[in-house]
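Residue strings, one per chain:
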Amino acid sequence: MNTIEELDKKLSEPSDRLLQDLADLDGDVMILGVGGKMGPSLAALAQRTFQQNGSNKKVYGVSRFSDKSHKKELESQGIVTITADILKEKELQALPDVKYVIYLVGTKFGTSGNEHYAWVMNSYLPGRVAEKYRNSNIVVFSTGNVYPLVHVSTGGSMETGPTGPVGEYAQSCLGRERVFEYFSKTCNTPVLMYRLNYAIDLRYGVLLEVARSVYNEEPIDLKTGYANVIWQGDANEIALRCLKHCNVPPTVLNVTGPETISIRWLAHQFGALMDTPPKFLNEEEPTALLSNASKAHRMFGYPGVTLQQMIEWTTDWVRHDRDTLDKPTHFQQREGKF
Ligand SMILES: NC(=O)c1ccc[n+]([C@@H]2O[C@H](COP(=O)([O-])OP(=O)(O)OC[C@H]3O[C@@H](n4cnc5c(N)ncnc54)[C@H](OP(=O)(O)O)[C@@H]3O)[C@@H](O)[C@H]2O)c1
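Not measured: the values here are computed from a predicted model.

S.K.: Account for the overall build of the chain, with residues named and values stated.
M.R.: From N to C terminus, the chain includes twelve helices and 15 strands. For 338 residues, the compact-globule estimate of 2.2 N^0.38 gives 20 Å, and the C-alpha radius of gyration of the chain, at 19 Å, lies within 12% of that figure. By principal-axis analysis of the C-alpha atoms, the chain measures approximately 55 × 40 × 35 Å. Among the 338 residues that make up the chain, the fraction classed as buried is 54%.

S.K.: Tell me about helix α3 (residues 39–53), and please be specific about residues and values.
M.R.: Turn by turn, an α-helix covers 3.6 residues, leaving residues three or four places apart pointing in a common direction. Here α3 contains 15 residues, and its C-alpha end-to-end distance of 21 Å stays within 8% of the 21 Å for a straight helix at 1.5 Å per residue. Burial analysis of α3 places eleven of its 15 residues in the buried class, the great majority of the element. Those residues of α3 lying buried are Gly39, Pro40, Ser41, Leu42, Ala43, Ala44, Leu45, Ala46, Gln47, Thr49 and Phe50. Once α3 ends, the next one or two residues include Gly54, with phi positive near 65°.

S.K.: So what's going on with the packing of helix α6 (residues 115–132) against helix α7 (residues 167–187)? Which residues, and what values?
M.R.: Closest axis-to-axis distance for the α6/α7 pair is 8 Å, and the angle between their directions is 15°. Comparing their axes, α7 and α6 come out roughly parallel. Crossing handedness for the pair α6 and α7: right-handed. Residues Glu115, Ala118, Trp119, Asn122, Ser123, Pro126, Gly127, Val129, Ala130 and Glu131 of α6 lie in contact with α7, whose contacting residues are Glu168, Tyr169, Gln171, Ser172, Cys173, Gly175, Arg176, Val179, Phe180 and Phe183. Counted by class, the contact of α6 with α7 contains ten nonpolar, six polar and four charged residues.

S.K.: Describe the UniProt feature "domain: NAD-dependent epimerase/dehydratase" (unreviewed entry) in the chain, with residues and values.
M.R.: UniProt tags residues 30–196 as "domain: NAD-dependent epimerase/dehydratase" (unreviewed entry). End C-alpha to end C-alpha, residues 30–196 measures 19 Å, and it is 41% helix and 19% strand.

S.K.: Explain the site of the ligand residue by residue, including any values.
M.R.: The environment of the ligand is formed by 25 residues, the closest being Met38, Arg64, Ser66, Asp85 and Ala199. One of the backbone N or O atoms of Phe65 is found 2.9 Å from an oxygen atom in the ligand. Here an oxygen atom of the ligand and a backbone polar atom of Leu104 are 2.9 Å apart. A total of 870 Å² of accessible area belongs to the ligand in isolation, and the protein chains cover 89% of it. Mapped onto the shell around the ligand, the elements with two or more residues apiece are β5 (137–143) and α7.

S.K.: I'd like a description of the sheet that holds β5, backed by residues and values.
M.R.: With respect to topology, seven strands assemble into an open sheet ordered β3-β2-β1-β4-β5-β7-β12, the strand pairing being parallel. A strand with exactly one partner marks an edge of an open sheet, and here the two such strands are β3 (80–83) and β12 (251–255). Geometrically, the sheet is characterised by an average inter-axis angle of 20° between neighbouring strands, direction not taken into account. With respect to the sheet, helix α9 (residues 232–242) is in contact with β4 (100–103), β5, β7 (191–196) and β12, its orientation differing from that of β7 by roughly 165°.

S.K.: Break down the pattern of salt bridges for me, with residues and values.
M.R.: The full count for this structure, using the stated rule, is 19 salt bridges. Between Arg203 and Asp8 there is a salt bridge, with the nearest N and O atoms lying 3.1 Å from each other. With Arg203 in the loop between β8 (199–200) and α8 (206–215) and Asp8 in helix α1 (residues 4–11), the pair connects residues that are 195 residues apart, well separated along the chain. What makes Asp8 partly exposed here is its relative accessible area of 28%.

So, how was this worked out
Numbering of residues starts from 1 in every chain and runs along the sequence as written. Restriction of local features to residues with pLDDT of at least 70 applies here, the model being predicted, together with a cutoff of 80 or more for giving and counting side-chain atom pairs; totals for whole chains, interfaces and linings are based on all residues. Values reported for side chains reflect all heavy atoms of the structure, with hydrogen atoms and water molecules removed beforehand. Elements are defined by DSSP. Helices are runs of H or I of four residues or more, strands are runs of E of two residues or more, and each kind is numbered from the N terminus. The reference for a compact globule is 2.2 Å times residues^0.38; the radius of gyration itself is calculated from the C-alpha atoms. Residue exposure (1.4 Å probe, protein chains only): buried if accessible area is under 20% of the type maximum, exposed if over 50%, otherwise partly exposed. Expected span of a helix, by definition, is 1.5 Å for each gap between consecutive residues, and there is one gap fewer than residues. As a rule, the C-alpha atoms of each element are fitted with a line to give its axis, helices using only the stretch in contact, and angles between N-to-C directions run from 0 to 180 degrees. Any angle from 65 to 115 degrees is called roughly perpendicular, while one under 35 is roughly parallel, one over 145 is roughly antiparallel, and all others are oblique. With the far helix as reference, a near helix turned anticlockwise by less than a right angle produces a left-handed crossing, and one turned clockwise produces a right-handed crossing. The contact rule is simple, with two residues in contact once any of their heavy atoms fall within 4.5 Å. Charged residues are taken to be Asp, Glu, Lys and Arg, nonpolar residues to be Ala, Val, Leu, Ile, Met, Phe, Trp, Tyr, Cys and Pro, and polar residues to be all remaining types, Gly included. UniProt positions are given in the numbering used here, feature names are shortened, and annotations may be inferred rather than shown by experiment. Definition of nearness: a residue and a molecule or strand are near each other if at least one heavy atom of the residue lies within 4 Å of the molecule or strand. Under this definition, polar contacts are N or O atom pairs within 3.5 Å; protein pairs additionally need one hydrogen-donor-capable and one acceptor-capable atom, and for neighbouring residues in sequence, both atoms have to be side-chain atoms. Surface accessibility in these figures is a Shrake-Rupley result with a 1.4 Å probe; residues are shielded only by whichever protein chains are displayed. Whether two strands pair depends on DSSP finding at least two bridges between them. Salt bridges are identified by distance alone: a Lys or Arg side-chain nitrogen within 4 Å of an Asp or Glu carboxyl oxygen.

Encoded structure:
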């Protein structure tokens, strides 16, 4: 994986199981909030899937396009882009109706001290969108942050277990789920709550952050000693396949990789590949934000890109000082302040 182009191509390569699953999808797909970290590769994957299947279905990508380059890039692939601030009612209502919606809009970083904005974006706006798209199937991007920190011995929170969001960001995300659930039940709208824990590509994510610390010989704080990650291409594939699993009441699904990754172990893996011993601060606390995604693996199979593969690609990316997004995950945060 040597260039951004190669990475983008890999992230948008449809697997056989995705091609098969979406072959008979009977409507267009709209991605709301396409302009962030995941949206561009998700839209590209959907578009390539339809193209390779010979389907005439359209992919719409909606965002404010704060980063204008995404708009051009998406249009060059045949994705229909719409520039809209969907917090503005007129702009939301002007969007076309579609049968399938993937909802990525949300806010996390900078919400400490700006809590009112987190609640409007993560809890109020979902109600506006759920009403507008009450006749669609909606995959709602949510987060593992709706769960409490759990002991590492539990194997991670399950969909059937209790929620327990820590801090206002996480509470507002649970608000997003509850509001979508209300409209699902009252308007009979099929919904799936997609609770994601740390997607990674080589430009951002937990692996990049740990690898960079090892490479730069900076100490790694071990208090949050465990995490789950999933390759962004696999997370995107699951999101698209989830379009066929929306239900009333909503299906709830944890989406992440199969491993409970020890950060200490991960740093040692990078250390061995980089010939640089990792440095650490503090000791592991017994709890962490961990999800158990065995239900998703039962439904869709294991992710296509393995943890060892991600470690090798990330090592190479860091050693060659390739482009990154400068969007830290703050996965070490234990008080829910972002
Ligand atoms: N990446 C992860 O590992 C991860 C983990 C757990 C949960 N999630 C959740 O999954 C979703 C997608 O992840 P992501 O990392 O791609 O998020 P992201 O980078 O925050 O992307 C969301 C995008 O939504 C757009 N948006 C925000 N406000 C909008 C508005 N008023 N109208 C139209 N578009 C708006 C923004 O693009 P513009 O500025 O162009 O409008 C923003 O970049 C998010 O809700 C996130 O919280 C992600």
